[in-house]
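Residue-level structure breakdown
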Amino acid sequence: MTSNDRRLGDRILAALELALEQEHLDVAEHLARALEETLTRFGGPDAVDHRELSAGMLQAFDRLDELRRTAHRLP
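Reading the values: the criteria
- Residues numbered from 1 in each chain as written.
- Predicted model: local features only at pLDDT ≥ 70, side-chain atom pairs only at ≥ 80, totals over all residues.
- Heavy atoms only, no water.
- Salt bridge = Lys/Arg side-chain N within 4 Å of Asp/Glu carboxyl O.
- Axes fitted to C-alpha atoms, helices over the stretch in contact; angles between N-to-C directions.
- Helix = DSSP H or I, 4+ residues; strand = E, 2+ residues; numbered from the N terminus.
- Parallel < 35°, antiparallel > 145°, perpendicular 65-115°, else oblique.
- Left-handed = near helix turned anticlockwise from the far one by under 90°.
- Contact = heavy atoms within 4.5 Å.
- Nonpolar A, V, L, I, M, F, W, Y, C, P; charged D, E, K, R; others polar.
- pLDDT = per-residue confidence, 0-100.
- Core = buried A, V, L, I, M, F, W, Y, C linked by side-chain atoms within 4.5 Å.
- Buried < 20%, exposed > 50% of the residue type's maximum accessible area, 1.4 Å probe, protein only.

Focus on the pattern of salt bridges
Counted under the stated rule, the structure contains 3 salt bridges. Asp10 is the salt-bridge partner of Arg7, the closest N and O atoms lying 3.0 Å from each other. Salt bridges here are not isolated pairs; linked through shared partners, they connect Glu29, Asp65 and Arg68.

What follows is the structure, encoded as structure tokens:
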């Protein structure tokens, strides 16, 4: 296990990717919120997060949007 694999956000991202692959929308929604929470938990409620989202996170959020549209039959 690499040091990056031990970070909570990386583990949540891996679980999110699996939920998306298996098309479990409800689980993916919860995991996406958990991932967002891990990205913003430092610095307090008024802090601005200056970190960039990784390519993997951006792809996962795009896939989540696509799964939402498919599940709700949106264009």
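Looking at the packing of helix H1 (residues 8–21) against helix H2 (residues 25–40)
Pairs of packed helices are described in terms of their axes, by the angle between the two and the distance that separates them. Their axes nearest at 9 Å, the elements H1 and H2 cross at an angle of 160°. The angle between the axes of H1 and H2 places the two elements in the roughly antiparallel class. Judged by the sense of rotation from one axis to the other, the crossing of H1 with H2 is left-handed. Along the contact surface, H1 presents Leu8, Gly9, Ile12, Leu13, Ala15, Leu16, Ala19 and Leu20, while H2 presents Val27, Ala28, Leu31, Ala32, Ala34, Leu35 and Thr38. Broken down by class, the residue content of the contact of H1 with H2 amounts to 13 nonpolar, 2 polar and no charged.

Some thoughts on the confidence of the model for the protein
A residue-level look at the protein finds 79% of positions with pLDDT of 70 or above and a mean pLDDT of 85. No element of the protein has a lower mean pLDDT than H2, which averages 93, and none a higher one than H1, which averages 96.

Quick word on the nonpolar core
One finds Leu13, Leu16, Leu20, Ala28, Leu35, Met57 and Leu64 to be the most contacted residues of the largest nonpolar core, which totals 16 residues. Broken down by secondary-structure element, the contributors of at least two residues to this core are H1, H2 and helix H3 (55–71). Residue contributions to this core peak at 6 residues, all from H2. With residues up to four places along the chain from it excluded, the contact list for Met57 reads Leu13, Leu35 and Leu39.

A word on the environment of Glu36
When you line up the elements, Glu36 lands in helix H2. Counting along the chain gives 27 residues from Glu36 to Gly9, while the straight-line C-alpha distance between them is 8.6 Å.

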